[in-house]
Amino acid sequence: MTKEAQRILIVEDDKSLRTSLTHSLRAEGYHPIEAASVAFGRLQVQESRPDLILLDLGLPDADGMTLLRELRAAGDATPIIVLTARDDEASKVKALDLGADDYVSKPFGLAELFARVRSAFRHRVQVRGSAAVVQVGDVQVDLAQRRATKNAVEVHLSRKEFDLLAELVIRQGQPVAHADLLRAVWGDEN
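An account of the accompanying structure is given in this report.

Conventions adopted
Residues numbered from 1 in each chain as written. Predicted model: local features only at pLDDT ≥ 70, side-chain atom pairs only at ≥ 80, totals over all residues. Heavy atoms only, no water. Buried < 20%, exposed > 50% of the residue type's maximum accessible area, 1.4 Å probe, protein only. Helix = DSSP H or I, 4+ residues; strand = E, 2+ residues; numbered from the N terminus. Pairing = 2+ DSSP bridges. Axes fitted to C-alpha atoms, helices over the stretch in contact; angles between N-to-C directions. Contact = heavy atoms within 4.5 Å.

## Focus: the pairing of strand E3 (residues 52-55)
By the alternation rule, side chains of E3 split into Leu52 and Leu54 and Ile53 and Leu55, which are all buried. As judged from the 4 bridges shared by strand E1 (residues 7-11) and E3, these two strands associate in the parallel manner. Bridge pairing links Ile8 to Leu52 in E3. Here E3 runs beside strand E4 (residues 80-84); their pairing, made up of 3 bridges, is parallel. Among the inter-strand pairings, Ile53 is bridged to a residue of E4, identified as Ile80.

## A look at the sheet that holds E1
Read from one edge of the open sheet, 5 strands run E2-E1-E3-E4-E5, paired in parallel fashion. The open sheet is flanked by strand E2 (31-35) and strand E5 (102-105), the only strands paired with a single partner. On average, each strand axis in the sheet is tilted by 20 degrees relative to the strand beside it, whichever way the strands run. Where helix H2 (residues 38-48) meets the sheet, it contacts E1, E2 and E3, and its direction lies at approximately 145 degrees from that of E2. Here helix H4 (residues 89-98) sits on the sheet and contacts E4 and E5; the angle it forms with E5, its principal contact strand, is near 150 degrees.

## Some words on the environment of Ile10
With respect to the secondary-structure elements, Ile10 resides in strand E1. Sequence separation between Ile10 and Thr22 is 12 residues; the distance between their C-alpha atoms is 7.8 Å. Residues within four places of Ile10 in sequence aside, it is in contact with Arg18, Leu21, Thr22, Leu25, Pro32, Ile33, Glu34, Ala35 and Leu54.

## Observations concerning the environment of Val169
Tracing the sequence through the fold places Val169 in helix H6 (residues 159-170). Residue Val169 is classed as buried on the basis of its relative accessible area of 7%. Sequence separation between Val169 and Leu143 is 26 residues; the distance between their C-alpha atoms is 9.7 Å. Excluding residues within four positions of it along the chain, Val169 makes contact with Val134, Val136 and Val141.

## Focus on the sheet that holds strand E7 (residues 139-142)
As summarised here, the arrangement of the 4 strands in space is E6-E7-E8-E9, forming an open sheet in which the pairing is antiparallel. On the outer flanks of this sheet lie strand E6 (133-136) and strand E9 (153-155), each paired with one strand and no other. Here the strands of the sheet are splayed against their neighbours by 25 degrees on average, with no regard to which way each runs. Here E6 pairs with E7 via 4 bridges, running antiparallel. The residue bridging Val134 from the neighbouring strand is Val141, located in E7. Helix-sheet contacts for H6 involve E6, E7 and strand E8 (147-150), and the interaxial angle to E7 is about 105 degrees.

What follows is the structure in structure tokens.
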């Protein structure tokens, strides 16, 4: 999947920060989507089906923790990176315990944020719950257990082979660029 196809939902009420993130993410090749409230964030999750969510906690209509809790309770495994001015340990622990994949305190550097976004995309194969098993024809891939079977017979794969298979089955039916596979499986060091 190319970066352009990777949709990143920004749920942030600070218009200048939201606009800045939108321009920066677009410049990095992502497809940013904006929401200024929990209510609009919910709507965008349903309509846009983002691949990653950048979530502020201090939103005008509700605490961002509410949206985080709702998404995880509904079984949504979309990576969520909390971006917030709250830098106390209790808020960090609560957000991570509710299912946030990462927590970044404001102010933050764009290079660090982009590294965390890339990391979240690399690790999205570690999904939770019942959605962890993907069936493609006679091949079944259990992403949580890191096992693959073909016709109910286990296929033995190296770690990188499994990561590559997982990346392909997660994006089944979509073209995936060679460079994006390299980045997702081997990281940015290739």
